[in-house]
Amino acid sequence: MVRRARSQNVPDEEFVDRGPVVELVYWRDPKKSGIVFGTVLGVLLSLSYFSLISVVAYLSLALLTATISFRVYKNVLQAVQKTSDGHPFKDILELDLTLPQDKVREVTDIAVAHVNAAALELRRLFLVEDLIDSVKFGVLLWCLTYVGNWFNGMTLIIIAFVALFTLPKVYEHNKVQIDQNLDIVRSKIADITSKVKAAIPIGKKPAAEEEKKDQ
């Protein structure tokens, strides 16, 4: 579904509505995005200081305390006012929480496709199908060893979550400038890669084999 978004800071442009997750990370509804961002960030920060079991137990206990208190309050209020509004959470209790099978199957198929693609790419890199790509992969792994020394896993998750809720919006407001700089970087990398591949023939198939395939 294509629609047009209008705001004072962003020029009118058409974009594809890709679901509630995109709506959240692009802050289409600041109230909803703020609630989700603050809640999840609070949970992640709690997990960095306490165990998963403790965080789940405390959050569940807080939620249970709030619901029990609200239920008792509504019961007392109904008794005083002599009304019969019924259960205060009736609407929520009647919600259908069952997962649709077609949606689950669709998500599973997408996940399997990504896993298969990742497995094929890792096999290509580790078995050095292309020397340059494998060397670049090795450099990336070497850099990750330093990242692992600087940050623990939970810190990286928090950074990634904050980036998820900030970078898309920054890119949306500065798309032209960012794209121009990215194009310059890509052209430089492509130029360097082509020069290295030309200087290092390892990983290339002989011209004779290419001619046989063409025939």
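In the nomenclature of an unreviewed UniProt entry, the protein corresponds to Reticulon-like protein from the organism Cryptotermes secundus. In its Subcellular location (unreviewed entry) section, the UniProt record describing the protein reads: "Endoplasmic reticulum membrane".

A. Region of interest: the overall build of the protein. The secondary structure content of the protein amounts to nine helices and two strands. Starting at the N terminus, the α and β elements of the protein follow one another as β-β-α-α-α-α-α-α-α-α-α. Among the 215 residues that make up the protein, the fraction classed as buried is 9%. Pairs at least 24 apart in sequence give 40% of the contacts found in the protein among residues at least 6 apart. Surface summary for the protein: the accessible area is close to 17400 Å², and the carbon and sulfur share equals 66%.

B. Representation of unusual backbone geometry. Here the phi dihedral of Lys-82 falls at roughly 55°; this positive angle occurs in a residue that is not glycine. Considering the arrangement of structural elements, one finds Lys-82 in the loop between helix 3 (52-81) and helix 4 (90-93). Taking the relative accessible area as the measure of exposure, Lys-82 reaches 77% and is therefore exposed. Phi is positive for Val-128, close to 55°, though the residue is something other than glycine. Along the chain, Val-128 falls in the loop between helix 5 (101-126) and helix 6 (131-150).

C. Quick peek at the pattern of salt bridges. All chains considered together, the criterion is met by eight salt bridges. Linking Asp-133 and Lys-136 is a salt bridge whose minimum nitrogen-to-oxygen distance equals 3.7 Å. Of the two residues, Asp-133 and Lys-136 are both situated in helix 6; the distance of three residues between them amounts to about one turn of the helix. Residue class for Lys-136 comes out partly exposed when judged on its relative accessible area of 41%. Look at the salt bridges and you will find they share partners, linking Glu-121, Arg-124, Asp-133 and Lys-136 into a network.

D. Structural context of the nonpolar core. If you look at the biggest cluster of nonpolar residues, it comprises seven residues: Val-25, Phe-37, Leu-41, Leu-44, Ile-158, Phe-161 and Phe-165. Breaking this core down by element, the ones donating at least two residues are helix 2 (30-49) and helix 7 (153-173). Those residues in contact with Ile-158 that sit more than four places away from it in its chain are Leu-41, Leu-44 and Leu-45.

E. Main features of the UniProt feature "transmembrane region" (unreviewed entry) in the protein. Listed under "transmembrane region" (unreviewed entry) in the UniProt record, and renumbered for this structure, are residues 35-61 and 139-167. As a span, residues 35-61 carries 93% helix and 0% strand, and end to end its C-alpha atoms are 20 Å apart. Segment residues 139-167 splits into 93% helix and 0% strand. End C-alpha atoms: 25 Å apart.

F. Just a nonpolar patch on the surface, in detail. Nonpolar side chains collect at one region of the surface, where Val-135, Val-139, Trp-142, Tyr-146, Trp-150, Phe-151, Leu-156 and Ile-159 lie side by side and expose about 800 Å² of accessible area between them. Sorting the residues of the nonpolar patch by element identifies helix 6 and helix 7 as the ones contributing at least two each. By residue number, the principal contributor to the nonpolar patch is helix 6, which donates five residues. Checked against the element boundaries, Trp-142 lands in helix 6.

What counts and how
- Residues numbered from 1 in each chain as written.
- Predicted model: local features only at pLDDT ≥ 70, side-chain atom pairs only at ≥ 80, totals over all residues.
- Heavy atoms only, no water.
- UniProt positions renumbered as here; feature names shortened; annotations may be inferred.
- Helix = DSSP H or I, 4+ residues; strand = E, 2+ residues; numbered from the N terminus.
- Buried < 20%, exposed > 50% of the residue type's maximum accessible area, 1.4 Å probe, protein only.
- Contact = heavy atoms within 4.5 Å.
- Areas by Shrake-Rupley, 256 points an atom, 1.4 Å probe, with all protein chains shown as cover.
- Salt bridge = Lys/Arg side-chain N within 4 Å of Asp/Glu carboxyl O.
- Core = buried A, V, L, I, M, F, W, Y, C linked by side-chain atoms within 4.5 Å.
- Patch = residues over 30% accessible without salt bridge, like charges linked within 9 Å, V, L, I, M, F, W, Y side chains within 5 Å.

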